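Secondary and tertiary structure notes
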Amino acid sequence: MAGKLKAEENDYNWRFRYRYETLRAILNRNGRVLEILSDLEADYNHLAFSDFQVRRSVRRLFDETCLMAQELNILSHGRHSALFGALDRIRREVNGKEQEVSERQQRPLSVPLNDEESLDPGLVGGKAAGLSSLYHNFPGRVPEGFVLTTGAYEQFLRKGKLFEQIRLLLKDLEYTSDRDRFRQRSGSIREAIVSAELPASLHEEIRRQAAACGAAETSLWAVRSSAVGEDGRFSFAGQFDSVLNVSPEDLPRAYREVIAGKFSERAITYRIHCGFREVDTPMAVLFMPMVDARAAGVAYTVDPVDPESDTMAIHCVNGLGQAVVKGIGVPDSIALSRQARPEIRRMQASGIPVEKLEYLSREEIREVGATAWKAAVAFGHDLDIEWAVDKNGHVRLLQARRVQPAGSVKTGEVKPGKGTWLIGKGTTIFPGRAEGPVAVRSAENPDPIPKGAVLVVRQPTPDLAPLLSEAAAVIAAEGSPVGHLATLLREFAVPSIFQAGGQIADLREGHVISVDASRRRVYPGSLWPGMKERVLARLASAGKRKEEGPLFRNILALNLVDPFGPGFKPGRCRSVHDAIRFIHEMAVRSMFRFGDEHSRFLNRKTKRLKSEIPMPIHVLSLEQELPAEEKALAPEFLSSTPFEAFWKGFSDRRLAWPDRWGGVHAAISSDLQDQVFGGAKGPRRRKDPNYLIYARDYMNFNARFAYHYAMVDSLLGPGERNNYIQLRFHSGGGSDERRKRRAGFLERVLRESRFGVTREGDLITAWFRNYPSQDTRLALTLLGRLLVCSRQLDMLMHMDSDVTMFADHFLAGKFQSFS
């Protein structure tokens with residue numbers, strides 16, 4: 001009998017070692033494929049699917065994932081063979097897309113505005129395509145010009161070896177709360193671009209096209225941005241750069257400056273908020289001879305402030321119109337009837353009614369209005385047109401984009417009586433109500449504002465655009481209703497008032513106010529029940545990125561989000577990411593299942609870890625002989641370099657282990673708590689032991705923390721080539737909203753600590769690979785502290801802003817916040 005038991009134990013030992021080595025192979029390969037996925041996520045933002053670098057990474061990802069599928073089936077005795085069919089189907093779909101993109105023709109480097117190709121916004125960008133349409137509809141009204149296309153942009157970045165620099169510097173930038181880091185990285189990108197050598201082919205295109213325009217050799221030029229997507233549904237108003245009064249020999253320099261402007265802080269923030277990837281907005285550049293303007297301005301074929309007034313609005317200044325579109329100062333304004341031969345209804349100069357303007361005749365005003373109306377009819381929608389009248393009295397059209405009018409917002413009756421408001425004048429830019437704490441900022445001080453704050457400024461310039469994604473409302477002392485920031489406010493549907501005057505001085509930082517932009521009233525305190533919640537819901541729903549294309553759909557998308565649902569099957573894998581997630585989940589479950597089936601042997605070989613920490617941990621060594629007479633071992637006994645580093649953080653005496661769930665639900669049995677709060681899901685129950693499996697240079701820690709699960713897998717040796725840490729964290733208990741906040745906290749801390757991270761809902765997967773030993777030790781210690789601090793943290797996270805607060809406290813070592 002004893003011999004039979006010994007044989008069974010030897011068989012178990014062999015099979016356990018074999019299975020565990022297979023699991024380690026899967027986990028190690030999982031770390032590599034997550035790195036590839038992370039790189040492809042960055043490539044998805046910067047490179048087209050047809051790019052060789054993308055296709056090479058996709059092929060490598062398929063190869064590694066197929067090997068993982070093979071290892072999983074070894075581990076599970078062929079239980080998941082349907083994975084091979086799913087991966088083959090996904091591969092065939094991807095190969096078909098590669099064939100499609102390879103058949104596309106190469107794009108020209110430049111096109112003149114009079115060419116039919118200049119009507120293609122994907123080639124010349126939105127601004128140039130709109131201007132080309134004006135050129136073809138109104139011969140003689142648009143100056144001759146040309147465009148260096150998106151193909152030229154790609155060639156410039158590729159030959160200047162800028163793609164990789166940009167990709168690395170922009171990676172994870174949308175997650176950082178460190179404005180100095182954001183500023184430094186965006187500045188580094190711009191510096192690299194302006195100092196890069198322009199390829200000789202682009203020098204030649206500029207010289208050839210400029211000569212073909214027929215401009216005099218002494219003419220000055222305007223060099224303007226024309227990104228794909230610009231002047232479309234999202235205007236990008238004022239976010240990119242233009243360079244004016246450029247001499248012919250300086251055109252290459254101006255081209256680089258415009259390209260660099262694509263990576264300003266405000267442009268990057270705007271793109272992120274609107275949900276655009278960097279690759280979605282390649283930059284074409286428009287070149288036009290400068291117009292010697294006597295008058296200039298903007299014509300709206302529908303009044304953007306009062307779209308139901310049945311009037312066109314012209315805003316103008318003497319000379320160039322840059323001040324108008326930048327929102328600096330108050331331009332003169334003219335209201336005209338909306339018809340082919342418009343009539344002037346009223347004129348104002350500096351806000352005072354006048355009969356005429358000294359620099360612009362009534363006939364020229366009507367000509368501007370009539371041309372704008374004809375353009376709107378030709379385009380099929382209302383337009384916002386930049387125009388100029390030159391010294392010879394010729395009307396020139398310089399830009400056209402669809403109007404984003406304020407629309408009509410019902411606000412109901414205002415309860416406060418006359419005289420109770422803080423501000424009672426101004427110009428409505430976008431109607432509606434909002435409330436929030438006051439945040440006073442300026443272009444010189446564009447520090448971030450709290451989500452849901454009311455942004456108060458003196459001069460509303462485009463430099464403030466990065467703050468709009470957090471603003472409940474905007475109040476400005478000055479500003480033009482046709483400036484770039486006004487355009488963005490209408491685009492983002494932010495209730496806003498301009499020209500509120502010196503009364504903004506009465507608005508104190510942090511004080512809660514209520515804004516009724518429709519009636520141009522600002523009241524103290526909170527007036528409307530539920531308004532704060534509606535404001536925060538609007539901000540939360542803004543900027544959702546539209547994910548599309550074969551790289552996302554077949555590779556990056558994660559559709560298998562619930563590992564415990566009935567749809568979590570290999571046949572449901574629609575992307576490579578789905579397959580990776582399925583393999584990892586089933587590998588861990590298979591190992592636990594094996595341990596449960598052979599618990600009598602496993603219990604003999606494990607020892608309890610002796611510590612003051614209130615969670616049971618069972619220890620299993622892959623190398624070290626454990627003393628048979630000891631039932632519990634001190635942490636110091638375990639000979640494992642990664643465990644030593646991890647335990648240093650995990651057992652940090654500055655960290656607290658409060659039982660928030662136990663205090664709230666002490667009267668409920670643990671089994672019922674498991675069922676009600678999600679504890680019945682997952683590979684372990686609360687009453688099950690947590691396992692630490694270790695070797696000299698290896699550790700695997702599987703743990704259950706109340707209602708969430710964590711797995712840490714690490715290899716740490718003397719070099720750096722094979723060092724890695726992998727974390728998988730999945731929440732349980734609490735509401736979806738709170739669990740996602742905790743996941744957001746983990747993601748922010750891990751990214752700030754150089755981990756690669758993917759997050760889907762409340763599931764966090766993170767990795768730290770190929771760093772020197774000391775760096776890996778420090779990362780393991782940080783991870784130990786992080787798991788303790790995140791324990792039941794969801795119960796403390798009541799607002800979205802708590803994510804940043806707790807992350808900042810953790811990184812600063814303020815661990816008392818987690819008590």
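Just above, that's the structure.
Note that this is a predicted model, so its numbers are computed, not measured. (Residues numbered from 1 in each chain as written. Predicted model: local features only at pLDDT ≥ 70, side-chain atom pairs only at ≥ 80, totals over all residues. Heavy atoms only, no water.)

1. Topic: the overall build of the protein
- Secondary structure assignment for the protein yields 23 helices and 28 strands.
- Residue pairs in contact within the protein that sit at least 24 positions apart in sequence constitute 66% of those at least 6 positions apart.
- Accessible surface, the protein: about 34900 Å² in total, of which carbon and sulfur atoms supply 49%. (Helix = DSSP H or I, 4+ residues; strand = E, 2+ residues; numbered from the N terminus. Contact = heavy atoms within 4.5 Å. Areas by Shrake-Rupley, 256 points an atom, 1.4 Å probe, with all protein chains shown as cover.)

2. What about the sheet that holds strand 5 (residues 283-289)?
- As summarised here, the arrangement of the 5 strands in space is 1-2-5-3-4, forming an open sheet in which the pairing is antiparallel. The open sheet terminates on both sides in strands that have one partner only, identified here as strand 1 (110-112) and strand 4 (242-246). Strand after strand, the sheet turns through a mean of 20 degrees between neighbouring axes, direction not considered.
- Direction of pairing for strand 3 (residues 221-227) relative to strand 4: antiparallel, over a ladder of 3 bridges. Counterpart to W221 in the pairing with strand 4 is V246. (Pairing = 2+ DSSP bridges. Axes fitted to C-alpha atoms, helices over the stretch in contact; angles between N-to-C directions.)

3. Brief notes about the packing of helix 21 (residues 736-752) against helix 23 (residues 801-811)
- Interaxial distance between helix 21 and helix 23 falls to 9 Å at its minimum, and their mutual angle equals 40 degrees. When the interaxial angle is binned, helix 21 and helix 23 end up oblique. Considering how the two elements wind past one another, helix 21 and helix 23 form a crossing that is right-handed. In this structure, helix 21 contributes R741, G744, F745, R748, V749 and E752 to the contact, and helix 23 contributes V803, T804, F806, A807, F810 and L811.
- Tallied by class, residues from the contact of helix 21 with helix 23 come to 7 nonpolar, 2 polar and 3 charged. (Parallel < 35°, antiparallel > 145°, perpendicular 65-115°, else oblique. Left-handed = near helix turned anticlockwise from the far one by under 90°. Nonpolar A, V, L, I, M, F, W, Y, C, P; charged D, E, K, R; others polar.)

4. Considering the packing of aromatic side chains
- This model, assessed by the stated rule, comprises 18 aromatic pairs.
- An angle of 65 degrees between the planes, with centres 5.9 Å apart, marks the rings of F156 and Y255 as edge-to-face. One end of the pair, F156, is in helix 5 (residues 150-159); the other, Y255, is in helix 9 (residues 251-261), and 99 residues separate them in sequence. Side by side, F156 and Y255 carry an identical accessibility label, which is buried.
- Ring plane angle 80 degrees and centroid distance 5.6 Å describe the contact between F650 and F701, whose orientation is recorded as edge-to-face. With F650 in helix 18 (residues 641-650) and F701 in strand 24 (residues 698-705), the pair connects residues that are 51 residues apart, well separated along the chain.
- We classify F701 as buried; its relative accessible area is 3%.
- Each residue in the set F643, F646, W647, F650, W657 and F701 is aromatic and connected to the rest through ring pairs, giving one cluster.
- Against the face of W421 rests R521, its NZ or CZ located 3.9 Å from the ring centre. (Phe/Tyr/Trp six-rings, centres within 6.5 Å; stacked < 30°, edge-to-face > 60°. Buried < 20%, exposed > 50% of the residue type's maximum accessible area, 1.4 Å probe, protein only. Lys NZ or Arg CZ within 6 Å of the ring centre and 35° of its normal.)

5. Structural notes on helix 9
- A large share of helix 9 lies buried, amounting to 9 of its 11 residues.
- Taken together, the buried positions of helix 9 are occupied by L251, P252, A254, Y255, R256, V258, I259, A260 and G261.

6. Here's the deal with a nonpolar patch on the surface
- Where nonpolar side chains cluster on the molecular surface, the patch consists of W14, Y18 and I74 and spans about 340 Å² of accessible area.
- Note on placement: W14 falls in helix 1 (residues 2-46).
- For W14, a relative accessible area of 56% corresponds to the exposed category. (Patch = residues over 30% accessible without salt bridge, like charges linked within 9 Å, V, L, I, M, F, W, Y side chains within 5 Å. Salt bridge = Lys/Arg side-chain N within 4 Å of Asp/Glu carboxyl O.)

7. What to know about the pattern of salt bridges
- For the coordinates displayed, the defined rule picks out 30 salt bridges.
- Here E386 ties to R224 by a salt bridge, and the two come within 3.6 Å at their closest N and O atoms. With E386 in strand 11 (residues 383-390) and R224 in strand 3, this residue pair connects regions lying 162 residues apart in the sequence. For the residue pair E386 and R224, the accessibility class agrees, reading buried in each case.
- In this structure, D384 and R401 form a salt bridge, with 3.1 Å as the shortest nitrogen-oxygen distance.

8. Concerning the sheet that holds strand 7 (residues 311-318)
- Taken in spatial order, the 7 strands make up an open sheet running 10-9-8-7-6-11-12, and their pairing is antiparallel. In this open sheet, the two strands that pair with only one neighbour each are strand 10 (352-354) and strand 12 (395-402). Averaged over all adjacent pairs, the angle separating strand axes in this sheet is 25 degrees, with direction ignored.
- Note: strand 7 against strand 8 (residues 332-337), 6 bridges, orientation antiparallel. Following the sheet pairing, A313 is matched in strand 8 by A335.

9. Some thoughts on the environment of F138
- Tracing the chain through its elements places F138 in the loop between helix 4 (121-137) and strand 2 (146-148).
- Linking F138 and L397, residues 259 residues apart in sequence, is a C-alpha distance of 9.0 Å.
- Those residues within four positions of F138 in sequence are excluded, and the remaining contacts are T371, K374, A375 and L397.

10. Remarks on the pairing of strand 6 (residues 293-300)
- Counting buried positions over the 8 residues of strand 6 gives 7, a clear majority of the element.
- For strand 6 and strand 11, the ladder comprises 7 bridges, and the chain directions are antiparallel. Bridge pairing links A295 to V389 in strand 11.
- Bridging between strand 6 and strand 7 involves 6 bridges; their strand directions are antiparallel. Considered in strand 7, the bridge of V298 is made with H315.

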